[in-house]
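# Observations on the three-dimensional arrangement
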Amino acid sequence: MARDAIHCPLSPIKNSLLVTAGILLIIQAASCQRVKVVPEVEAYPTESVDLRCQFVDRGNTKLTQVSWIWEPTEGQRDNIAVFHPTYGESFPESPFNGRVRFIQGTLTNPSITITSLKMADAGRYTCEYATYPSGNEQGTTILVILAKPKNSASPVIVQASTSSKPVVVAQCEAADGKPAATIKWMGEVAGTENTTSKKGLDGTVTVRSEYLLVPTPEDNGKEVTCMISQRTQDKPQTFPMKLSVEYPPTVFIVGYDNNWYIGRTDAVLTCQATGNPAPTTVTWTAMSGRMPDTVQIVANKLIVRKVDEAVNTTFVCEVKNRLGVSKHQVTTVVIEQRKITAGPSTTGIIGGIIGVVLLLAIVGYVVMLVRKRKQNAENGDGPPKHKPPPPVKTGSSTEMLNKHVTDPVTKELTESQPLSKVYYETSGEPVTDLDACDDDDDITLGGGAANGGGPAVLEDSIQNANIAETLNDGALPPYSGADGHHVDEPPSATVARGESFVSAAMYV
């Protein structure tokens, strides 16, 4: 780490107090850092750089001279610039002649500028003061010359190998960079990497990295990526590349379907071949000797214009590339009649069509039902959307008993006769107390539940006769209560929930 170099007088310390001496030395050195410099400065070749230096807290210290000393390597010290208050500026012979100057040219601020930087200019630069009575005091700046590397990458052409020894299939390089670059690999195939670095005379570093694996024909065309990172780059630079693995050709004949019948036209065999480099020649031959007249060769295809007994033979396809030759053969058997190949099942097709039709019908029915319900809802049809209110009681039993009625003949108010039943008004159908009747006896007598809850038929006949006589007299028939008394006005229709009534039969 860069630091301010100083020179300060030390107080006498006893030899027996080593620990205390060390502590005092640190405290005293800290209090004497009066030469202020920038610990580290970065720059690039061909550019300029300013090296700052300043003497602070001068007090009674007398400054006599300031010098800039360059240390390119350990133990080598070269004066490159000197300033004296009386004699002025001086630039001793050095690699910086003509490229270094003072910015202000004063003892308290003797900063310098170096132009046309070179990679070899990197190193330690010490600003050293000659003072009285303290002696020499100094501060050091480390100048780092950065260099952007020249990055490159490329695949290495290799041949497929049957051994287990890995070989280099791709390489990546970051040349003449400072500081050194880092290289990483990523890829579709598993491999290992080997990285080396070499330092140049000017301080730059060249980093090389190799990607190794055991190549196979399947690795040809697979992608690997080299990624280079370095301090001068804004982001890592990547180099994707495809592997190049050479191998002899492989060949396979396709197209024979075991159905070469006499008279068939345009039967085709295709010679499919792969290889790296790509196959250069494809040759068809017949093991029976001369190629039949009905056969035509077009590139890698063998076309039989019309099948006859002459093509009842074995055809051979031979493929070549720079690395070797590969062959494949197929024997064609000519038959008398065409083989009927099974097509798709008709039953399955029909079943599928029926299934689709049924599915569409169900979907259509559901859609129609939903639309109909929606229309009913918009028109107000359909079941009620709320619960009907409970029946309202309009009068109590006591009120009914004490209610005054008007005599239809005298037109005078009279007290109503007490009723054995209390009438209620209901919002729905009247409630009939069927449980009040004896099932067996009432059914036999023709009353009760079997007769709608009314009195027996015999009693109705007698009452009906009386009503007929009254009608002959021109008067309205009175209503009868349960105890046989006449009521001039019909009872209230209000009936309490839970009570039942039975009205007497009447002829009108």
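It should be emphasised that the depicted structure is a prediction, and the values quoted were computed from it without experimental measurement.

## A look at the side chain of Thr-294
- Position of Thr-294 among the secondary structure elements: in the loop between strand S23 (281-286) and strand S24 (295-298).
- From its side chain, Thr-294 meets the backbone oxygen of Lys-306 in a polar contact 3.4 Å long.
- With residues up to four places along the chain from it excluded, the contact list for Thr-294 reads Ile-303, Val-304, Arg-305, Lys-306, Asp-308 and Val-311.

## Describing the state of the cysteines
- This model, assessed by the stated rule, comprises 3 disulfides.
- The partner cysteine of Cys-172 in its disulfide is Cys-226, sulfur to sulfur 1.7 Å. Torsion about the S-S bond of the Cys-172 and Cys-226 cystine: about -75°, corresponding to left-handed handedness. Pair noted here: Cys-172 is in strand S14 (residues 167-177) and Cys-226 is in strand S18 (residues 223-229), with a separation of 54 residues, a long-range link. Each member of the pair, Cys-172 together with Cys-226, is buried.
- Disulfide partner of Cys-271: Cys-317, at an S-S distance of 1.8 Å. Taking the torsion about the S-S bond as the criterion, the Cys-271 to Cys-317 disulfide, at about -85°, is left-handed.

## Details of a nonpolar patch on the surface
- A cluster of nonpolar side chains, namely Ile-362, Tyr-365, Val-366, Met-368, Leu-369 and Val-370, defines an oily patch on the protein surface of about 590 Å² accessible area.
- Mapped onto the elements of the fold, Val-366 is located in helix H2 (residues 346-379).
- Residue classification places Val-366 among the partly exposed positions, given a relative accessible area of 43%.

## Overview of the pairing of S18
- The pairing of strand S15 (residues 182-187) with S18 spans 6 bridges and is classified as antiparallel. From the neighbouring strand, Met-186 faces S18, where its bridge partner is Thr-225.
- The pairing of S18 with strand S19 (residues 237-242) spans 6 bridges and is antiparallel. What sits directly across from Val-224, in S19, is Met-241.

## Let's talk about the packing of aromatic side chains
- Within the structure shown, the criterion is met by 8 aromatic pairs.
- Between Phe-91 and Phe-102 the ring centres are 5.8 Å apart and the planes differ by 40°, which places this aromatic pair in the tilted class. One end of the pair, Phe-91, is in the loop between strand S7 (88-90) and strand S8 (100-102); the other, Phe-102, is in strand S8, and 11 residues separate them in sequence.
- Exposure remark for Phe-91: the relative accessible area of 33% places this residue in the partly exposed category.
- Owing to a relative accessible area of 5%, Phe-102 belongs among the buried residues under this scheme.

## What about the sheet that holds strand S5 (residues 62-71)?
- Overall, mixed pairing links the 6 strands, which are arranged S2-S11-S10-S5-S6-S7 in an open sheet. Pairing within the sheet leaves two strands with one partner each, and these edge strands are strand S2 (40-43) and S7. Strand-to-strand twist of the sheet, defined as the mean angle between neighbouring strand axes without regard to direction, takes the value 20°.

## As for the nonpolar core
- By size, the foremost hydrophobic cluster in this structure holds 30 residues, and its most contacted members are Val-49, Trp-68, Ile-80, Ile-114, Tyr-125, Tyr-129 and Leu-143.
- Sort the elements by how many residues they give to this core and S5 lands first, with 4 residues.
- Excluding its chain neighbours within four sequence positions, the residues that come into contact with Tyr-125 are Leu-51, Trp-68, Ile-69, Trp-70, Ile-80, Phe-96, Ile-114, Gly-139, Thr-140, Thr-141 and Leu-143.
- Cys-172, Ala-181, Val-205 and Val-207 belong to the second-largest nonpolar core, a separate cluster that totals 20 residues.

## Looking at the confidence of the model for the chain
- Confidence in the prediction for the chain averages 77 pLDDT; 67% of positions are at 70 or higher.
- Scored below 50 in pLDDT, residues 1-31 shows 36 contacts in the model against residues more than four places distant or in partner chains.
- Contacts of residues 408-477 to residues separated by more than four positions or lying in other chains number 96 contacts, the stretch itself having pLDDT below 50.

## A short note on the pairing of strand S22 (residues 265-276)
- Across 6 bridges, strand S20 (residues 245-254) lies against S22 in antiparallel orientation. Residue pairing across strands places Phe-252 opposite Gln-272, the latter belonging to S22.

## Quick word on the pattern of salt bridges
- This model, assessed by the stated rule, comprises 16 salt bridges.
- Two residues, Glu-318 and Lys-327, come together in a salt bridge whose shortest N-O distance is 3.3 Å.
- With a relative accessible area of 55%, Lys-327 lands in the exposed category.
- Via salt bridges that share partners, Glu-71, Arg-77, Arg-124 and Glu-128 belong to a single interconnected network.

Procedures and definitions
Residues numbered from 1 in each chain as written. Predicted model: local features only at pLDDT ≥ 70, side-chain atom pairs only at ≥ 80, totals over all residues. Heavy atoms only, no water. Helix = DSSP H or I, 4+ residues; strand = E, 2+ residues; numbered from the N terminus. Polar contact = N/O pair within 3.5 Å; in protein donor to acceptor, adjacent residues only side chain to side chain. Contact = heavy atoms within 4.5 Å. Disulfide = S-S within 2.5 Å. Buried < 20%, exposed > 50% of the residue type's maximum accessible area, 1.4 Å probe, protein only. Patch = residues over 30% accessible without salt bridge, like charges linked within 9 Å, V, L, I, M, F, W, Y side chains within 5 Å. Areas by Shrake-Rupley, 256 points an atom, 1.4 Å probe, with all protein chains shown as cover. Salt bridge = Lys/Arg side-chain N within 4 Å of Asp/Glu carboxyl O. Pairing = 2+ DSSP bridges. Phe/Tyr/Trp six-rings, centres within 6.5 Å; stacked < 30°, edge-to-face > 60°. Axes fitted to C-alpha atoms, helices over the stretch in contact; angles between N-to-C directions. Core = buried A, V, L, I, M, F, W, Y, C linked by side-chain atoms within 4.5 Å. pLDDT = per-residue confidence, 0-100.

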